[in-house]
Amino acid sequence: MEKLIYLDNAATTALKPEVFEAMKPFFLENYSNPNSIYTFAQQSKKAVDEARETIAALIGAKPNEIYFTAGGSESDNWAIKGCAEAFASKGKHMITTKIEHHAVLHTCEYLEKKGVEVTYLDVDADGMISLEQLEQAIRPDTFLISIMFANNEIGTIEPVREIGAIAKKHGVLFHTDAVQAFGHVPVQVDELNIDMLSASAHKFHGPKGVGFFYMRNSVKLGAYLHGGAQERSRRAGTSNVPGIVGMAKAAQLAVDGMEEHSKKIAAVRDHLIERVLAEVPFSKLNGHREQRLPNNANFCFRFIEGESLLIMLDQKGICASSGSACTSGSLDPSHVLLAIGLPHEIAHGSLRLTLSEETTMEDVDFAADSLKAIVERLRSMSPLYEDFVKNQQHV
Ligand SMILES: *Cc1c(COP(=O)(O)O)cnc(C)c1O
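The following refers to the structure shown.

Each value, and the rule that gives it
Residues numbered from 1 in each chain as written. Predicted model: local features only at pLDDT ≥ 70, side-chain atom pairs only at ≥ 80, totals over all residues. Heavy atoms only, no water. Pairing = 2+ DSSP bridges. Helix = DSSP H or I, 4+ residues; strand = E, 2+ residues; numbered from the N terminus. Axes fitted to C-alpha atoms, helices over the stretch in contact; angles between N-to-C directions. Contact = heavy atoms within 4.5 Å. Salt bridge = Lys/Arg side-chain N within 4 Å of Asp/Glu carboxyl O. Buried < 20%, exposed > 50% of the residue type's maximum accessible area, 1.4 Å probe, protein only. Expected span 1.5 Å × (residues − 1). Polar contact = N/O pair within 3.5 Å; in protein donor to acceptor, adjacent residues only side chain to side chain.

Looking now at the sheet that holds strand β8 (residues 211-215). With mixed pairing, the 7 strands of this open sheet are ordered in space as β2-β8-β7-β6-β5-β3-β4. Edge positions in the open sheet fall to β2 (66-69) and β4 (117-121), since each of these has one partner strand only. Here the average twist between neighbouring strands, direction ignored, is 20 degrees. Helix-sheet contacts for helix α4 (residues 72-86) involve β2, β3 (93-97), β5 (142-146), β6 (173-177), β7 (196-200) and β8, and the interaxial angle to β7 is about 160 degrees.

As C-alpha coordinates, then:
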(Lines give C-alpha, C1' and ligand atoms only; values in the text may rest on other atoms or scores of the structure.)
Protein backbone atom coordinates (compact mmCIF):
# COMPACT_ATOMS: atom_id res chain seq x y z
CA MET A 1 0.00 0.00 0.00
CA GLU A 2 1.20 3.49 -0.82
CA LYS A 3 1.63 6.12 1.87
CA LEU A 4 -1.68 7.34 3.25
CA ILE A 5 -2.20 11.02 2.59
CA TYR A 6 -4.80 12.21 5.05
CA LEU A 7 -6.43 15.42 3.83
CA ASP A 8 -9.66 15.22 5.79
CA ASN A 9 -8.76 16.98 9.03
CA ALA A 10 -12.09 18.81 9.13
CA ALA A 11 -13.79 15.41 9.57
CA THR A 12 -11.45 14.35 12.33
CA THR A 13 -7.78 14.58 13.27
CA ALA A 14 -5.11 12.14 14.41
CA LEU A 15 -4.73 11.80 18.17
CA LYS A 16 -1.32 13.16 19.21
CA PRO A 17 0.95 10.64 20.97
CA GLU A 18 1.47 13.10 23.87
CA VAL A 19 -2.30 13.29 24.26
CA PHE A 20 -2.56 9.52 24.38
CA GLU A 21 0.22 9.39 27.00
CA ALA A 22 -1.63 11.93 29.15
CA MET A 23 -4.82 9.85 28.96
CA LYS A 24 -3.25 6.45 29.55
CA PRO A 25 -2.91 6.51 33.35
CA PHE A 26 -6.62 7.29 33.66
CA PHE A 27 -7.46 4.10 31.81
CA LEU A 28 -4.91 1.76 33.35
CA GLU A 29 -3.89 3.09 36.74
CA ASN A 30 -6.39 5.49 38.18
CA TYR A 31 -9.79 4.49 36.92
CA SER A 32 -11.57 6.09 39.88
CA ASN A 33 -14.83 8.00 39.68
CA PRO A 34 -13.85 11.62 40.43
CA ASN A 35 -16.95 12.05 42.57
CA SER A 36 -16.00 9.33 45.03
CA ILE A 37 -14.86 10.26 48.51
CA TYR A 38 -11.75 8.09 49.04
CA THR A 39 -8.18 9.18 48.40
CA PHE A 40 -7.87 7.03 45.27
CA ALA A 41 -10.45 9.28 43.57
CA GLN A 42 -8.61 12.49 44.35
CA GLN A 43 -6.20 12.08 41.45
CA SER A 44 -8.95 11.87 38.87
CA LYS A 45 -10.89 14.70 40.50
CA LYS A 46 -7.76 16.83 40.42
CA ALA A 47 -7.17 15.95 36.76
CA VAL A 48 -10.70 16.98 35.78
CA ASP A 49 -10.41 20.24 37.77
CA GLU A 50 -7.09 21.04 36.13
CA ALA A 51 -8.47 20.27 32.67
CA ARG A 52 -11.31 22.71 33.32
CA GLU A 53 -8.84 25.40 34.42
CA THR A 54 -6.63 24.80 31.39
CA ILE A 55 -9.46 25.08 28.90
CA ALA A 56 -11.01 28.09 30.64
CA ALA A 57 -7.68 29.92 30.54
CA LEU A 58 -7.23 29.19 26.82
CA ILE A 59 -10.47 30.99 25.87
CA GLY A 60 -10.35 33.68 28.59
CA ALA A 61 -13.21 32.17 30.61
CA LYS A 62 -13.66 31.15 34.24
CA PRO A 63 -13.34 27.44 35.10
CA ASN A 64 -16.96 27.28 36.29
CA GLU A 65 -18.10 28.44 32.85
CA ILE A 66 -16.75 25.27 31.17
CA TYR A 67 -18.99 22.19 30.94
CA PHE A 68 -17.65 18.90 29.62
CA THR A 69 -19.84 17.21 27.03
CA ALA A 70 -19.64 14.35 24.55
CA GLY A 71 -18.60 16.64 21.69
CA GLY A 72 -19.62 19.39 19.33
CA SER A 73 -23.05 18.04 18.51
CA GLU A 74 -24.07 17.83 22.14
CA SER A 75 -22.76 21.32 22.91
CA ASP A 76 -24.71 22.75 19.94
CA ASN A 77 -27.89 20.95 21.02
CA TRP A 78 -27.46 22.22 24.55
CA ALA A 79 -27.04 25.86 23.54
CA ILE A 80 -30.00 25.92 21.17
CA LYS A 81 -32.54 23.70 22.90
CA GLY A 82 -31.46 25.06 26.28
CA CYS A 83 -32.10 28.67 25.21
CA ALA A 84 -35.39 27.82 23.50
CA GLU A 85 -36.58 26.29 26.75
CA ALA A 86 -35.12 28.83 29.17
CA PHE A 87 -36.32 31.86 27.23
CA ALA A 88 -39.68 30.52 26.05
CA SER A 89 -41.38 33.41 27.85
CA LYS A 90 -39.18 36.05 26.21
CA GLY A 91 -39.73 34.90 22.72
CA LYS A 92 -40.08 32.36 20.03
CA HIS A 93 -37.54 33.63 17.52
CA MET A 94 -33.91 32.79 16.87
CA ILE A 95 -31.39 33.61 14.16
CA THR A 96 -28.85 31.33 12.53
CA THR A 97 -27.38 30.89 9.04
CA LYS A 98 -27.92 28.66 6.06
CA ILE A 99 -24.38 27.26 6.30
CA GLU A 100 -24.34 25.85 9.83
CA HIS A 101 -23.31 22.30 10.63
CA HIS A 102 -26.22 19.87 10.79
CA ALA A 103 -25.83 19.73 14.59
CA VAL A 104 -27.20 23.29 14.54
CA LEU A 105 -29.47 23.14 11.48
CA HIS A 106 -31.28 19.94 12.40
CA THR A 107 -31.72 21.17 15.98
CA CYS A 108 -33.32 24.35 14.62
CA GLU A 109 -35.59 22.32 12.34
CA TYR A 110 -36.65 20.23 15.32
CA LEU A 111 -37.51 23.40 17.25
CA GLU A 112 -39.46 24.80 14.32
CA LYS A 113 -41.81 21.83 14.64
CA LYS A 114 -42.33 22.91 18.26
CA GLY A 115 -43.29 26.45 17.26
CA VAL A 116 -39.96 28.29 17.34
CA GLU A 117 -39.47 30.69 14.43
CA VAL A 118 -36.01 30.54 12.89
CA THR A 119 -34.41 33.07 10.54
CA TYR A 120 -31.74 31.41 8.40
CA LEU A 121 -29.43 34.18 7.20
CA ASP A 122 -28.11 34.07 3.66
CA VAL A 123 -24.40 34.25 2.97
CA ASP A 124 -22.57 35.88 0.07
CA ALA A 125 -20.53 34.05 -2.59
CA ASP A 126 -17.62 33.74 -0.12
CA GLY A 127 -19.81 32.33 2.63
CA MET A 128 -19.93 35.52 4.71
CA ILE A 129 -23.06 36.64 6.50
CA SER A 130 -24.20 40.26 6.18
CA LEU A 131 -24.08 42.19 9.45
CA GLU A 132 -26.84 44.51 8.21
CA GLN A 133 -29.11 41.55 7.51
CA LEU A 134 -28.31 40.14 10.93
CA GLU A 135 -29.24 43.39 12.65
CA GLN A 136 -32.42 43.71 10.61
CA ALA A 137 -33.46 40.18 11.53
CA ILE A 138 -33.40 40.87 15.28
CA ARG A 139 -36.91 41.19 16.76
CA PRO A 140 -38.09 42.06 20.27
CA ASP A 141 -38.78 38.35 20.82
CA THR A 142 -35.41 37.08 19.51
CA PHE A 143 -33.86 34.89 22.21
CA LEU A 144 -30.71 33.66 20.44
CA ILE A 145 -28.24 34.27 17.65
CA SER A 146 -26.31 31.09 16.77
CA ILE A 147 -23.67 31.63 14.10
CA MET A 148 -20.69 29.41 13.47
CA PHE A 149 -17.16 30.73 14.02
CA ALA A 150 -15.73 29.03 10.93
CA ASN A 151 -17.41 26.86 8.34
CA ASN A 152 -16.47 23.19 8.22
CA GLU A 153 -16.81 22.85 4.46
CA ILE A 154 -15.46 26.03 2.88
CA GLY A 155 -13.40 27.32 5.81
CA THR A 156 -14.84 30.84 5.83
CA ILE A 157 -14.40 32.62 9.16
CA GLU A 158 -17.44 34.70 10.09
CA PRO A 159 -17.12 38.24 11.57
CA VAL A 160 -17.60 36.90 15.09
CA ARG A 161 -16.51 40.05 16.94
CA GLU A 162 -19.01 42.19 15.03
CA ILE A 163 -21.76 39.61 15.47
CA GLY A 164 -21.05 39.55 19.20
CA ALA A 165 -21.21 43.35 19.34
CA ILE A 166 -24.56 43.43 17.54
CA ALA A 167 -25.96 40.73 19.83
CA LYS A 168 -24.79 42.64 22.89
CA LYS A 169 -26.20 45.95 21.65
CA HIS A 170 -29.64 44.35 21.25
CA GLY A 171 -29.47 42.28 24.44
CA VAL A 172 -29.65 38.98 22.56
CA LEU A 173 -27.53 35.97 23.54
CA PHE A 174 -24.85 34.84 21.10
CA HIS A 175 -23.80 31.20 20.69
CA THR A 176 -21.06 30.18 18.29
CA ASP A 177 -20.22 26.71 17.00
CA ALA A 178 -16.44 27.02 17.23
CA VAL A 179 -15.75 23.35 16.53
CA GLN A 180 -13.59 24.12 13.48
CA ALA A 181 -12.08 27.25 14.98
CA PHE A 182 -10.95 26.41 18.50
CA GLY A 183 -7.33 25.22 18.47
CA HIS A 184 -6.88 26.56 14.91
CA VAL A 185 -7.47 30.31 15.22
CA PRO A 186 -7.48 32.54 18.33
CA VAL A 187 -10.74 32.33 20.29
CA GLN A 188 -11.32 34.67 23.26
CA VAL A 189 -14.84 34.81 24.59
CA ASP A 190 -14.76 38.26 26.22
CA GLU A 191 -13.04 40.08 23.37
CA LEU A 192 -15.51 38.57 20.92
CA ASN A 193 -18.64 39.00 23.06
CA ILE A 194 -19.43 35.29 22.94
CA ASP A 195 -22.00 34.06 25.49
CA MET A 196 -21.90 30.37 24.59
CA LEU A 197 -19.46 28.31 22.57
CA SER A 198 -19.17 24.72 21.35
CA ALA A 199 -15.91 22.85 20.78
CA SER A 200 -14.90 19.26 20.16
CA ALA A 201 -11.61 17.53 21.05
CA HIS A 202 -11.30 15.30 17.99
CA LYS A 203 -11.09 18.35 15.71
CA PHE A 204 -7.84 19.47 17.38
CA HIS A 205 -5.93 16.19 17.75
CA GLY A 206 -7.76 15.09 20.89
CA PRO A 207 -9.95 12.04 21.45
CA LYS A 208 -13.39 11.49 19.93
CA GLY A 209 -16.56 11.66 21.99
CA VAL A 210 -15.55 14.55 24.22
CA GLY A 211 -16.02 18.28 23.88
CA PHE A 212 -16.82 21.32 25.91
CA PHE A 213 -19.55 23.87 26.17
CA TYR A 214 -18.71 27.35 27.38
CA MET A 215 -21.60 29.13 29.01
CA ARG A 216 -21.05 32.60 30.50
CA ASN A 217 -22.07 32.69 34.15
CA SER A 218 -24.70 35.33 33.44
CA VAL A 219 -26.48 32.87 31.11
CA LYS A 220 -28.47 30.52 33.23
CA LEU A 221 -29.61 27.53 31.23
CA GLY A 222 -31.08 24.58 33.06
CA ALA A 223 -29.83 21.02 33.15
CA TYR A 224 -29.24 19.40 29.77
CA LEU A 225 -28.95 15.86 31.12
CA HIS A 226 -30.74 15.00 34.34
CA GLY A 227 -29.21 12.67 36.88
CA GLY A 228 -26.16 13.11 39.08
CA ALA A 229 -24.65 16.38 40.19
CA GLN A 230 -21.76 16.40 37.70
CA GLU A 231 -20.97 19.60 35.77
CA ARG A 232 -22.69 21.83 38.33
CA SER A 233 -25.83 19.66 38.12
CA ARG A 234 -26.34 20.65 34.50
CA ARG A 235 -24.91 17.68 32.68
CA ALA A 236 -25.30 14.44 34.57
CA GLY A 237 -23.16 11.36 34.00
CA THR A 238 -19.84 10.09 35.33
CA SER A 239 -17.07 12.25 33.90
CA ASN A 240 -15.12 10.87 30.95
CA VAL A 241 -11.86 11.38 32.83
CA PRO A 242 -9.38 10.13 30.18
CA GLY A 243 -11.27 12.01 27.47
CA ILE A 244 -11.34 15.25 29.45
CA VAL A 245 -7.64 14.96 30.31
CA GLY A 246 -6.82 14.24 26.67
CA MET A 247 -8.90 17.17 25.46
CA ALA A 248 -7.16 19.59 27.82
CA LYS A 249 -3.74 18.33 26.74
CA ALA A 250 -4.66 18.60 23.06
CA ALA A 251 -6.13 22.08 23.60
CA GLN A 252 -2.97 23.31 25.32
CA LEU A 253 -0.75 21.88 22.55
CA ALA A 254 -2.97 23.33 19.84
CA VAL A 255 -3.07 26.83 21.30
CA ASP A 256 0.65 26.87 22.24
CA GLY A 257 1.67 25.84 18.74
CA MET A 258 -0.99 27.79 16.89
CA GLU A 259 1.03 30.67 15.49
CA GLU A 260 3.81 28.47 14.19
CA HIS A 261 1.55 25.69 12.91
CA SER A 262 -1.00 27.89 11.21
CA LYS A 263 1.71 29.73 9.25
CA LYS A 264 3.23 26.46 8.12
CA ILE A 265 -0.11 24.85 7.28
CA ALA A 266 -1.32 27.91 5.38
CA ALA A 267 1.87 27.97 3.30
CA VAL A 268 1.42 24.33 2.27
CA ARG A 269 -2.30 24.93 1.68
CA ASP A 270 -1.61 28.00 -0.47
CA HIS A 271 0.81 26.01 -2.59
CA LEU A 272 -1.91 23.41 -3.13
CA ILE A 273 -4.48 26.06 -4.05
CA GLU A 274 -2.11 27.79 -6.47
CA ARG A 275 -1.23 24.55 -8.21
CA VAL A 276 -4.81 23.33 -8.53
CA LEU A 277 -6.17 26.63 -9.84
CA ALA A 278 -3.28 26.97 -12.29
CA GLU A 279 -3.14 23.39 -13.53
CA VAL A 280 -6.70 22.09 -13.45
CA PRO A 281 -8.85 23.85 -16.05
CA PHE A 282 -12.33 25.08 -15.00
CA SER A 283 -11.56 24.84 -11.30
CA LYS A 284 -12.58 27.36 -8.67
CA LEU A 285 -11.79 27.91 -5.01
CA ASN A 286 -14.81 28.03 -2.70
CA GLY A 287 -14.86 30.12 0.46
CA HIS A 288 -13.26 33.43 1.36
CA ARG A 289 -9.69 33.87 0.14
CA GLU A 290 -8.35 35.58 3.30
CA GLN A 291 -10.95 35.17 6.06
CA ARG A 292 -10.39 31.45 6.01
CA LEU A 293 -9.20 28.62 8.24
CA PRO A 294 -5.49 28.05 7.59
CA ASN A 295 -5.97 24.35 6.80
CA ASN A 296 -8.93 24.48 4.42
CA ALA A 297 -9.04 24.24 0.64
CA ASN A 298 -12.34 23.63 -1.12
CA PHE A 299 -12.63 23.46 -4.88
CA CYS A 300 -15.21 22.81 -7.47
CA PHE A 301 -14.47 21.32 -10.85
CA ARG A 302 -16.95 21.68 -13.65
CA PHE A 303 -18.12 18.49 -15.40
CA ILE A 304 -16.97 16.32 -12.53
CA GLU A 305 -18.93 14.18 -10.17
CA GLY A 306 -17.58 14.54 -6.63
CA GLU A 307 -18.09 10.92 -5.59
CA SER A 308 -16.08 9.56 -8.54
CA LEU A 309 -13.31 11.98 -7.71
CA LEU A 310 -13.20 10.79 -4.10
CA ILE A 311 -13.08 7.14 -5.11
CA MET A 312 -10.23 7.71 -7.53
CA LEU A 313 -8.30 9.78 -4.99
CA ASP A 314 -8.85 6.96 -2.49
CA GLN A 315 -7.24 4.54 -4.93
CA LYS A 316 -4.13 6.72 -4.70
CA GLY A 317 -4.20 6.65 -0.90
CA ILE A 318 -5.60 10.17 -0.58
CA CYS A 319 -8.37 10.73 1.98
CA ALA A 320 -10.56 13.66 0.99
CA SER A 321 -14.15 14.73 1.28
CA SER A 322 -16.77 16.20 -0.99
CA GLY A 323 -18.36 18.31 1.68
CA SER A 324 -18.95 17.26 5.23
CA ALA A 325 -18.46 13.64 6.23
CA CYS A 326 -22.00 13.68 7.57
CA THR A 327 -23.59 14.17 4.14
CA SER A 328 -21.55 11.61 2.23
CA GLY A 329 -23.76 8.71 1.35
CA SER A 330 -26.52 11.08 0.33
CA LEU A 331 -26.71 12.43 -3.19
CA ASP A 332 -27.91 15.87 -2.17
CA PRO A 333 -25.35 18.55 -2.91
CA SER A 334 -23.95 20.35 0.10
CA HIS A 335 -26.30 22.96 1.61
CA VAL A 336 -23.24 25.17 2.11
CA LEU A 337 -22.26 25.16 -1.57
CA LEU A 338 -25.86 25.84 -2.58
CA ALA A 339 -25.97 28.72 -0.07
CA ILE A 340 -22.92 30.37 -1.67
CA GLY A 341 -24.82 30.26 -4.94
CA LEU A 342 -23.31 27.33 -6.79
CA PRO A 343 -25.72 25.61 -9.17
CA HIS A 344 -26.53 21.96 -8.32
CA GLU A 345 -24.36 20.43 -11.02
CA ILE A 346 -21.29 22.41 -9.99
CA ALA A 347 -21.86 21.83 -6.27
CA HIS A 348 -21.75 18.11 -7.06
CA GLY A 349 -18.23 18.46 -8.41
CA SER A 350 -16.71 19.79 -5.22
CA LEU A 351 -13.76 18.62 -3.19
CA ARG A 352 -12.65 19.53 0.31
CA LEU A 353 -9.00 19.05 1.29
CA THR A 354 -8.17 19.89 4.90
CA LEU A 355 -4.57 19.79 6.09
CA SER A 356 -2.78 19.39 9.40
CA GLU A 357 0.66 20.38 10.63
CA GLU A 358 1.82 16.92 9.48
CA THR A 359 0.91 17.62 5.85
CA THR A 360 4.03 18.21 3.73
CA MET A 361 4.67 19.98 0.43
CA GLU A 362 5.33 16.52 -1.08
CA ASP A 363 1.90 15.35 0.12
CA VAL A 364 0.10 18.23 -1.53
CA ASP A 365 2.22 17.99 -4.67
CA PHE A 366 1.21 14.35 -4.95
CA ALA A 367 -2.42 15.33 -4.34
CA ALA A 368 -2.26 18.07 -6.99
CA ASP A 369 -0.63 15.72 -9.53
CA SER A 370 -3.22 13.03 -8.83
CA LEU A 371 -6.08 15.48 -9.00
CA LYS A 372 -4.94 16.83 -12.33
CA ALA A 373 -4.73 13.34 -13.83
CA ILE A 374 -8.04 12.18 -12.36
CA VAL A 375 -9.99 15.26 -13.45
CA GLU A 376 -8.58 14.89 -16.95
CA ARG A 377 -9.54 11.21 -17.04
CA LEU A 378 -13.09 11.80 -15.72
CA ARG A 379 -13.64 14.62 -18.18
CA SER A 380 -12.43 12.48 -21.05
CA MET A 381 -15.34 10.16 -20.24
CA SER A 382 -17.91 12.95 -19.89
CA PRO A 383 -20.24 13.66 -22.85
CA LEU A 384 -21.12 16.99 -21.23
CA TYR A 385 -17.50 18.04 -21.26
CA GLU A 386 -17.10 16.92 -24.85
CA ASP A 387 -20.10 19.05 -25.91
CA PHE A 388 -18.76 21.97 -23.94
CA VAL A 389 -15.36 21.80 -25.63
CA LYS A 390 -17.00 21.51 -29.07
CA ASN A 391 -19.23 24.53 -28.42
CA GLN A 392 -16.25 26.54 -27.22
CA GLN A 393 -14.44 25.83 -30.46
CA HIS A 394 -17.42 27.19 -32.43
CA VAL A 395 -17.41 30.60 -30.77
C1 LIG B 1 -17.47 18.17 13.56
C2 LIG B 1 -18.36 19.34 13.78
C3 LIG B 1 -19.44 19.28 14.68
C4 LIG B 1 -19.78 18.02 15.42
O5 LIG B 1 -18.84 17.72 16.42
P6 LIG B 1 -18.83 16.23 17.05
O7 LIG B 1 -17.84 16.33 18.17
O8 LIG B 1 -18.36 15.33 15.95
O9 LIG B 1 -20.20 15.95 17.52
C10 LIG B 1 -20.20 20.40 14.87
N11 LIG B 1 -19.95 21.54 14.21
C12 LIG B 1 -18.92 21.65 13.34
C13 LIG B 1 -18.68 22.96 12.65
C14 LIG B 1 -18.11 20.55 13.08
O15 LIG B 1 -17.11 20.67 12.22
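Moving on, we get to the pattern of salt bridges. On inspection of all chains with the given rule, the structure shows 21 salt bridges. In this structure, Lys3 engages Asp363 in a salt bridge whose closest nitrogen and oxygen atoms are separated by 2.6 Å. On the criterion of sequence distance, the pair formed by Lys3 in the segment before β1 (5-6) and Asp363 in helix α14 (residues 361-380) is long-range, its members being 360 residues apart. For Lys3, a relative accessible area of 53% translates into the label exposed. The buried category is assigned to Asp363, whose relative accessible area is 9%. Here Glu74 makes a salt bridge to Arg235, at a shortest N to O gap of 2.8 Å. Taken as a pair, Glu74 in helix α4 and Arg235 in the loop between α8 (230-233) and α9 (241-256) lie far apart in primary sequence, 161 residues in all. Of the two residues examined, Glu74 and Arg235, each falls in the buried class.

Looking now at helix α5 (residues 102-113). The terminal C-alpha atoms of α5, which comprises 12 residues, lie 16 Å apart, in line with the 16 Å expected from a rise of 1.5 Å per residue. Among all positions of α5, only Ala103, Val104, Leu105, Thr107, Cys108 and Leu111 are buried. Its buried side turned inward, α5 meets α4, β3, β4, β5, β6 and α12 (335-339). Phi turns positive, to about 100 degrees, at Gly115, one or two residues after α5.

Attention now moves to the pairing of β7. Of all 5 residues that make up β7, 5 are buried, and the element is covered over most of its length. Residues of β7 alternate between two faces, with Met196, Ser198 and Ser200 on one and Leu197 and Ala199 on the opposite face, all of them buried. With 3 bridges joining them, β6 and β7 adopt parallel strand pairing. Bridge pairing links His175 to Met196 in β7. Strand direction decides the pairing type here: β7 and β8, joined by 5 bridges, are antiparallel. Its bridge partner being in β8, Ala199 is matched across the sheet by Phe212.

Our next topic: the sheet that holds strand β9 (residues 283-285). Reading across from one edge, β9-β10-β12 is the order of the 3 strands in this open sheet, with antiparallel pairing throughout. Two strands lie at the open edges of the sheet, namely β9 and β12 (350-354), each paired on one side alone. Taken over all neighbouring pairs, the strand axes of this sheet differ in orientation by 25 degrees on average, direction set aside. As judged from the 5 bridges shared by strand β10 (residues 296-301) and β12, these two strands associate in the antiparallel manner.

Examined against the element boundaries, Gln43 turns out to sit in helix α3 (residues 42-59). Residue classification places Gln43 among the partly exposed residues on the basis of a relative accessible area of 46%. When the C-alpha positions of Gln43 and Asn33 are compared, they lie 9.7 Å apart, and in sequence the two are 10 residues distant. Setting aside anything within four residues of it in sequence, one finds Gln43 in contact with Phe26 and Asn30. One polar contact links Gln43 to Asn30, side chain to side chain, over a distance of 3.0 Å.

Keep in mind that these numbers describe shape and distance, not what the molecule does.
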